[in-house]
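# Structural overview
In case you want the letters, here they are:
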Amino acid sequence: MSKKDNGVALILSYLNEKNRPYSAQDVFCNLQKQHGLGKTAVVKAMEQLALEGKIKEKMYGKQKIYFADQGQFTEVNDADLKAMDSQISELGTQVQSISHSCRQLDAELKELNSSLTTEEMISEIQELKTECSVYRARLEKIKAATNHVTPEEKEKVYKERGVYVKEWKKRKRLVMHQT
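Note that the structure is predicted; figures quoted are calculated from it, not measured.

## Quick word on the pattern of salt bridges
The full count for this structure, using the stated rule, is 5 salt bridges. With its nearest N and O atoms 3.5 Å apart, the salt bridge here joins Lys54 to Glu52. The class for Glu52 is partly exposed, based on a relative accessible area of 41%.

Written out as structure tokens, the structure reads:
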């Protein structure tokens, strides 16, 4: 099978699979990346298929639109269409429920990834115990100290400070006033 025949068969199967109208440019763009068909080859193949009667061609102004021959497809009655519509709606609800459960699982995974593992938790607890023992030792050292300041000494220091601040403000005012 030559590349030309392969391109014709590929385009015919593509149009039959999609079963919607396409221009030659649309088919070229859709098949170029996967199969590497050139635009000229696509146009020639589509014209050949139209001449053979395997696909239909319509002119809209200067543009040609190609679509699969509808005679090759079986006719579908109203009951089959309704059955397909109900199947589509059932599949749609399944998709919604699965996507909802997927979002929940993603959220749960994100939460689990952000939480600590058992080993990390053990090391964190050990660090906190060490830090706590350091603070306890500091507290014991402060409690054991004998040079505590009594409230009377504290009050005396505050009064002396007030006197010195008052004198400082008075001297500052005199200096600022003279200049």
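## Brief notes about the pairing of strand β3 (residues 63-68)
Alignment of strand β1 (residues 22-23) against β3, held across 2 bridges, turns out to be antiparallel. Residue pairing for β3: Ser23 is matched across the bridge by Ile65. The pairing of strand β2 (residues 55-60) with β3 spans 6 bridges and is antiparallel. Considered in β3, the bridge of Tyr60 is made with Gln63. The turn linking β2 back onto β3 is made up of 2 residues, and Gly61 within it adopts a positive phi angle of 70 degrees.

## A few points about the sheet that holds β1
Pairing within the open sheet is antiparallel, and its 3 strands lie in the order β1-β3-β2. The open sheet has two edge strands, β1 and β2, and neither has a second partner.

## Overview of a positive patch on the surface
A contiguous patch of positive charge, built from Arg161, Lys169, Lys170 and Arg173, is present on the exposed surface. Relative to the elements of secondary structure, Arg173 occurs in helix α6 (residues 151-178). Residue class for Arg173 comes out exposed when judged on its relative accessible area of 56%.

## Quick look at the packing of aromatic side chains
Here the structure, examined in full by the defined rule, presents 1 aromatic pair. Between Tyr14 and Tyr22 the ring centres are 5.4 Å apart and the planes differ by 40 degrees, which places this aromatic pair in the tilted class. Judged by its relative accessible area of 10%, Tyr14 falls in the buried class. Taking NZ or CZ as reference, Arg20 lies 4.7 Å from the ring centre of Tyr22, over its face.

## Observations regarding the confidence of the model for the protein chain
Here the protein chain shows a mean pLDDT of 88. Residues at 70 or above account for 96%. The spread of mean pLDDT over the elements of the protein chain runs between helix α1 (residues 3-18), the lowest at 81, and helix α4 (residues 78-114), the highest at 92.

## Regarding helix α2 (residues 24-35)
For α2, the set of buried residues is Ala24, Val27, Phe28 and Leu31. What you see down the axis of α2 is that its buried residues fit within an arc of 100 degrees, all on one side.

Criteria and cut-off values
Residues numbered from 1 in each chain as written. Predicted model: local features only at pLDDT ≥ 70, side-chain atom pairs only at ≥ 80, totals over all residues. Heavy atoms only, no water. Salt bridge = Lys/Arg side-chain N within 4 Å of Asp/Glu carboxyl O. Buried < 20%, exposed > 50% of the residue type's maximum accessible area, 1.4 Å probe, protein only. Pairing = 2+ DSSP bridges. Helix = DSSP H or I, 4+ residues; strand = E, 2+ residues; numbered from the N terminus. Patch = residues over 30% accessible without salt bridge, like charges linked within 9 Å, V, L, I, M, F, W, Y side chains within 5 Å. Areas by Shrake-Rupley, 256 points an atom, 1.4 Å probe, with all protein chains shown as cover. Lys, Arg positive; Asp, Glu negative; His and termini not counted. Charge placed at Lys NZ, Arg CZ, Asp CG, Glu CD. Phe/Tyr/Trp six-rings, centres within 6.5 Å; stacked < 30°, edge-to-face > 60°. Lys NZ or Arg CZ within 6 Å of the ring centre and 35° of its normal. pLDDT = per-residue confidence, 0-100. Arc of directions from axis to C-beta.

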